[in-house]
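# Commentary on secondary and tertiary structure
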Amino acid sequence: MAPNGVAAGAPDARPGKLKVFLGAAPGVGKTYRMLDEGRRRLRRGTDVVVAYAECHGRRHTEEQLAGLEVVPRLHRSYRGTTFTELDLDAVLARRPAVALVDELPHTNVPGGRNAKRWQDIDELLAAGIDVVTTVNVQHLESLNDVVEKITGVPQRETVPDEVVRRADQIELVDMPAEALRRRMAHGNIYQPEKVDAALAHYFRIGNLTALRELALLWVAGRVDETLQRYRSEHGIGTVWETRERVVVALTGGPEGETLIRRAERIAGRSSGGDLLAVHVARSDGLAYASPAALAKQRALVEKLGGSYHSVVGDHVPTALLDFARAENATQLVLGTSRRSWLSRLVAPRGIGEDTVELSGDIDVHMVTHERAGRGRRLTMPGWQLPHSRRVAGPVAGLVLPSLLTTVLTHTRGALNLTSEALLFLVTVVGVACFGGVVSALLASLTASLLLNYYFIPPSGEFTITEPNNALALAVFALVAGTVAALVDRSLRLSRRAASATAEAETLSSMAGTILRGEQGVAVLLERTRESFGMTSAELVPRADLDADADEESDGLVKVPAGPDRLLVLRGRRLPASEHRVLTAFAAHLAAALDRARLMEAAAEVEPVKAADRLRTALLAAVSHDLRTPLAGGRAAISSLRSADVDFTPAEREELLATAEDSLIQLNRLVDNLLDMSRLRAGALALNLQPTAFADVLPTALSTLAASPVRIESQGLTEVCDVLADPPLLERVIANLVTNAVRHSDAGQRVLITASALGRRVELRVVDKGPGLPPEDRDRIFVPFQRLGDRDNTSGLGLGLALSRGLAEAMGGTLDPEDTPGGGLTMVLSLPAAAAQKAPVEAVELG
């Protein structure tokens, strides 16, 4: 039994928990804090071991190891040097409750089953072991390029942000820049001989301050994610003003850019403020947004560091505020109305007024712009009738004809019966626009009675003496009712068309998300959640969801997403019209889930296919290309051993030379195969040292066979030495020259030149051969490829592949270029030996 009472290797009921100490800069004390955490847990009786701790010779950190059990490290050899690594199998066999593992982004020495230490930690967590680890902010993948711009020092070891983000606890280890520099000066971080270089370069005040800000903002973002999750799980809808979040509402109108910049200035007043732009796909009379304008405004938002969102909602103010509350926004920016004075006369209240009234604890900014009040369309208010209009419509149907009757009785004699009937007809149409068909029919009946009583002879009685007047009244009632019904039908059809437009716009937004490459299931789920203003969205197996869950009481919406999954949203009840759009979203999610499964399957199969292709090519090449030197050598030796022929000394010498050439060719082929195998296994030993091209070239050319192609060199003695392994550099140059000679005609020349470029030195091997199409430039570095070779009877096609591999192993690059006037130039770039002497490179960042 292990000390914690769990049998070694027994499965744990739960995965382990991960705690990360995030350092703002090297030397702030994250390893010290990790060990101190281990000692604290040990005092509480928890079984703790130190799986790996890198103290960098710091006395105070090493003192923290006292009393802690340390798992012996694993020793592994690589390129002639022995390294120590985390012994993953030993920790799994020991099976403690908590393992302390330093340096999360560390790259393991080749030979183990995991390339990175965070993958080792994943195995510990899967085994039920809690892990406490450390990482510096400069090693986070998303910040790597930013840190390099600030400090000028590239960080080659990085860890994906998601690995740190999914930790159960993240604790920031921070220190003021001045205090950290004092620690450095006192010798508490680096050895005395490194202190001056460190203080003058990486550990400048500006660098450390910038790193602190990056770390604080990153951790603040992680804390904000946790807060949002807590609010969602506990159904908290009120705004918690922990940070400024500014939402700007976009209609697709020309005022959008003005609103975005105004909102960005509001968000920029507080450090860490967020900018979110939202467009509501709606089904009212103003639902016509310009896709081109929205695309342009989206680009502006993203350029300013904000995010763009699209949501579905019939009532725009409610949709805006639901989105703002779901995102914990503190401020909402809207433009003043673009409606004309006629639209305001028909419907005085607009979206802005309703939003202000419903905003609650969210501040609403109404921003003026040059398009305010210059709208050209008349809003048709009957499209979406709120409760107030459904009540006011019938009242208007009774009151407005009565008011018109009062006015006309005071001007009796000024108008004839036809004009009076037309005025009543206009009133009925106005009521139809305001209150719908029911109100219009009531107004038509009221108008007919009033017209009959007051204006059709005999006045003051509900009788009609003349047939023409009776016909006029009948036609008036018919026309009024018909116009009211047609107006209402037109409005209903327009509403349906606008609703279809909104649905198409929302689906277009989803399609745009997919076309932009955001095809991850998590991304599409988040887009679905925000589009429908829900608090959460997830894909769950059908068997895991309670079929008896009350959708109304739980605010639960379930839509099939494939044969075995359901799309589940929580937050509010959705109308039937939005269910249609949601079904389309679910289909996209099902397709994305299928794509993810297929990509995983393809990723698992691809290495097997690649290995199979490599084996097939190797067998084909070896069976062909080894046959020639073997056959030639065997024939020469068999002839020499034959007793039937008496060879002259010249003939014997020729046969011996043939056998020797065959063995040299065979040895070169075998060396190439072995070196390629070592490169792929990461087991090629290097002895890097200052090396001159002029010293290496003669040896490299001596291995080449005689050729009618001239080989010339220029400028090799005028450049500084490069940092390289001399024998490997000879192999690279020999392969490049051999390739150039093979593609050159007799009498042509191959030119070898060298030049300095910054802190690197470039060697160019120039030929005047047929050149190479751009589409084949990557394929020539694939093993066993001999594109366009004039002589396909020899060589495995390994020369260029091996040369690039050797160049990269020495820290260089090998790339093809066009030769001016025709041909191919191979450019070998290696670091200059003098460039390795800069003081800043000697500082070890721990």
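Residues numbered from 1 in each chain as written. Predicted model: local features only at pLDDT ≥ 70, side-chain atom pairs only at ≥ 80, totals over all residues. Heavy atoms only, no water.

## Regarding the pairing of strand 12 (residues 331-335)
Counting buried positions over the 5 residues of strand 12 gives 4, a clear majority of the element. In this sheet, strand 12 lies alongside strand 9 (residues 245-250) in parallel orientation, the contact comprising 3 bridges. Bridging from a neighbouring strand, V246 pairs with Q331 of strand 12. As defined by bridge partners, strand 12 adjoins strand 13 (residues 363-367) across 5 bridges and the pair is classed as parallel. For G335, the partnering residue across the bridge sits in strand 13 and is V367. (Buried < 20%, exposed > 50% of the residue type's maximum accessible area, 1.4 Å probe, protein only. Helix = DSSP H or I, 4+ residues; strand = E, 2+ residues; numbered from the N terminus. Pairing = 2+ DSSP bridges.)

## Section: the side chain of S744
Within the secondary structure layout, S744 lies in the loop between helix 24 (726-742) and strand 20 (749-757). Relative accessible area serves as the criterion here: at 8%, S744 is assigned to the buried category. In this structure the side chain of S744 is engaged in a polar contact, spanning 2.7 Å, whose partner is the backbone oxygen of A740. (Polar contact = N/O pair within 3.5 Å; in protein donor to acceptor, adjacent residues only side chain to side chain.)

## Considerations on the packing of aromatic side chains
Under the definition given, this model contains 1 aromatic pair. Ring centres of Y453 and Y454 lie 5.0 Å apart, and the angle between their planes is 75°; on these two criteria the pair is classed as edge-to-face. Using a relative accessible area of 33% as the deciding quantity, one classes Y454 as partly exposed. Seen from the ring of Y52, R73 lies directly overhead, with NZ or CZ sitting 4.0 Å from the centre. Positioned above the aromatic ring of Y52 is the side chain of R117, whose terminal nitrogen or guanidinium carbon lies 3.9 Å from the ring centre. (Phe/Tyr/Trp six-rings, centres within 6.5 Å; stacked < 30°, edge-to-face > 60°. Lys NZ or Arg CZ within 6 Å of the ring centre and 35° of its normal.)

## Side note on the sheet that holds strand 6 (residues 98-101)
Sheet architecture is open: 6 strands sit in the order 3-2-6-7-1-8, paired in parallel fashion. Of all strands in the sheet, those with a lone pairing partner are strand 3 (69-70) and strand 8 (169-173), marking the two edges. Bridge count for strand 2 (residues 48-52) against strand 3 is 2 bridges, and the pairing is parallel. Bridge pairing in strand 3 links V50 to V70.

## With respect to the sheet that holds strand 9
One open sheet holds the 5 strands; their spatial order is 11-10-9-12-13, and the pairing between them is parallel. A strand with exactly one partner marks an edge of an open sheet, and here the two such strands are strand 11 (307-312) and strand 13. Shown here is a sheet whose adjacent strand axes are inclined to one another by a mean of 25°, direction ignored. (Axes fitted to C-alpha atoms, helices over the stretch in contact; angles between N-to-C directions.)

## Things to note about the confidence of the model for the protein chain
Detailed reading of the predicted coordinates is not advisable wherever pLDDT falls low. Summing up the model confidence of the protein chain, the mean pLDDT is 76 and the portion of residues at 70 or higher is 72%. Mean pLDDT per element in the protein chain: helix 19 (residues 551-554) is the minimum at 50, and strand 6 is the maximum at 96. In this model, residues 375-384 is a region of pLDDT below 50 whose contacts with residues beyond four sequence positions or in other chains number 29 contacts. (pLDDT = per-residue confidence, 0-100. Contact = heavy atoms within 4.5 Å.)

## Brief notes about the nonpolar core
Across soluble globular proteins, nonpolar side chains have a tendency to be buried as a group. Counting residues in each nonpolar core, the largest one holds 61 residues, and the members touching the most others are L100, L124 and V164. Per-element tally for this core: the top contributor is helix 9 (residues 205-233), with 6 residues. Residues within four places of L124 in sequence aside, it is in contact with L88, V91, L92, A99, V101, I129 and V131. V709, L729, V761 and A809 belong to the second largest nonpolar core, which has 40 residues in total. (Core = buried A, V, L, I, M, F, W, Y, C linked by side-chain atoms within 4.5 Å.)

## Details of helix 4 (residues 117-126)
Those residues of helix 4 that sit buried are R117, W118, D120, I121, L124 and L125. End-on, the buried residues of helix 4 take up no more than an arc of 150°, which puts them together on one face. Backbone geometry just after helix 4 places G128 at a positive phi near 90°. (Arc of directions from axis to C-beta.)

## A closer look at the pattern of salt bridges
Evaluation of the coordinates by the stated rule reveals 25 salt bridges. With a shortest N-O distance of 2.9 Å, D89 and R113 are connected by a salt bridge. One end of the pair, D89, is in helix 3 (residues 88-94); the other, R113, is in the loop between strand 6 and helix 4, with 24 residues separating them in the sequence. In this structure D89 comes out as partly exposed when scored by relative accessible area, which is 47%. Each of the salt bridges in this network shares a partner with another, and the network as a whole consists of K19, R33, E37, R40, R41 and E171. (Salt bridge = Lys/Arg side-chain N within 4 Å of Asp/Glu carboxyl O.)

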